[in-house]
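Coordinate inspection notes
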Amino acid sequence: ELLDGETLEDLISRAPLIEGDFVSVAEQCLEGLLAAHDANLLHRDIKPCNIMITWLPSGRMQLKLLDFGLAKFATEPSIQTIAHGNSLFGSIYFMAPEQFEQHPLDARTDLYSLGSVFYYSLTAEYPFNGESVAQVMASHLQGHYKDLREYRPDLPEALCNWVMSLMSRGPEK
């Protein structure tokens, strides 16, 4: 499908999302992810540049999840793909800890990544950051990030808590 629009990354580069737009983005991302998971497909590389926004004639935004190149069809939890030389495929800013640790992945892995994207879309800041790849990975593994309310005190506390709950350190949470 030829899409005429922009990525979520492009949109956020201009300004973090306002609450109303965020709710639309979150609903549509979750709908797309639910459809993929219902088909036993794990995306494994959810990030802002893999979410395309097009505008309908009504002015409403429509989202599409893109780039299923690292996706895996799996009815059982599976391990993250590793390249030759033990390097990981994916974007370290949005990857779940279990992807770094080579633990089994399931739908909760994509939810963690989506939570990181949601945080980024509301702040224009990576939730897990560092000056090196190792520091970014350690930030994920230790579950260290700034409380979303520090960036966005204008947002409802319940919304901030929900986004942060998606980035819980353990999949069981």
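Reading the values: rules and limits
- Residues numbered from 1 in each chain as written.
- Predicted model: local features only at pLDDT ≥ 70, side-chain atom pairs only at ≥ 80, totals over all residues.
- Heavy atoms only, no water.
- Axes fitted to C-alpha atoms, helices over the stretch in contact; angles between N-to-C directions.
- Helix = DSSP H or I, 4+ residues; strand = E, 2+ residues; numbered from the N terminus.
- Parallel < 35°, antiparallel > 145°, perpendicular 65-115°, else oblique.
- Contact = heavy atoms within 4.5 Å.
- Nonpolar A, V, L, I, M, F, W, Y, C, P; charged D, E, K, R; others polar.
- Buried < 20%, exposed > 50% of the residue type's maximum accessible area, 1.4 Å probe, protein only.
- Pairing = 2+ DSSP bridges.
- pLDDT = per-residue confidence, 0-100.
- Salt bridge = Lys/Arg side-chain N within 4 Å of Asp/Glu carboxyl O.
- Phe/Tyr/Trp six-rings, centres within 6.5 Å; stacked < 30°, edge-to-face > 60°.

The interhelical angle for the contact between helix H4 (residues 107-123) and helix H7 (residues 157-166), taken along N-to-C directions, is 140 degrees, at an axis separation of 7 Å. Relative to H7, H4 is oriented oblique. The segment H4 lies against H7, with Leu111, Tyr112, Gly115, Phe118, Tyr119 and Leu122 engaging Trp162, Val163 and Leu166. For the contact of H4 with H7, the class distribution of residues is eight nonpolar, one polar and no charged.

This paragraph deals with the pairing of strand S4 (residues 61-65). Of the two faces of S4, only one is covered, namely that formed by Met61, Leu63 and Leu65; the face formed by Gln62 and Lys64 stays uncovered. Across five bridges, strand S3 (residues 51-55) lies against S4 in antiparallel orientation. Looking at the pairing, Met52 lines up with Lys64 of S4. Linking S3 back to S4 in an antiparallel pair, the connection comprises five residues, with Gly59 at a positive phi of about 95 degrees.

Another aspect to go through is the confidence of the model for the protein chain. Model confidence for the protein chain is summarised by a mean pLDDT of 85, while 87% of its residues fall at 70 or above. Ignoring residues within four places in sequence, the model shows residues 81-89, a span with pLDDT below 50, making 16 contacts including any to other chains.

Moving on: the pattern of salt bridges. Counted under the stated rule, the structure contains six salt bridges. Across the pair Glu6 and Arg14 runs a salt bridge whose closest N-O atoms are separated by 2.9 Å. According to the relative accessible area criterion, Arg14 is exposed, its value standing at 55%. Taking the shortest distance from any N to any O, the salt bridge between Arg108 and Asp106 comes out at 2.6 Å.

Moving on to the packing of aromatic side chains. Overall, the coordinates contain 10 aromatic pairs when judged by the stated rule. Measuring from ring centre to ring centre gives 6.1 Å for Tyr119 and Tyr151, while their planes differ by 85 degrees; the resulting arrangement is edge-to-face. Note that Tyr119 is positioned in helix H4 and Tyr151 in helix H6 (residues 148-151), a separation of 32 residues in sequence. Given a relative accessible area of 0%, Tyr119 falls into the buried group. Residue class for Tyr151 comes out partly exposed when judged on its relative accessible area of 30%. These aromatic residues form a ring-pair network of at least three members: Tyr112, Tyr119, Phe128, Tyr145 and Tyr151.

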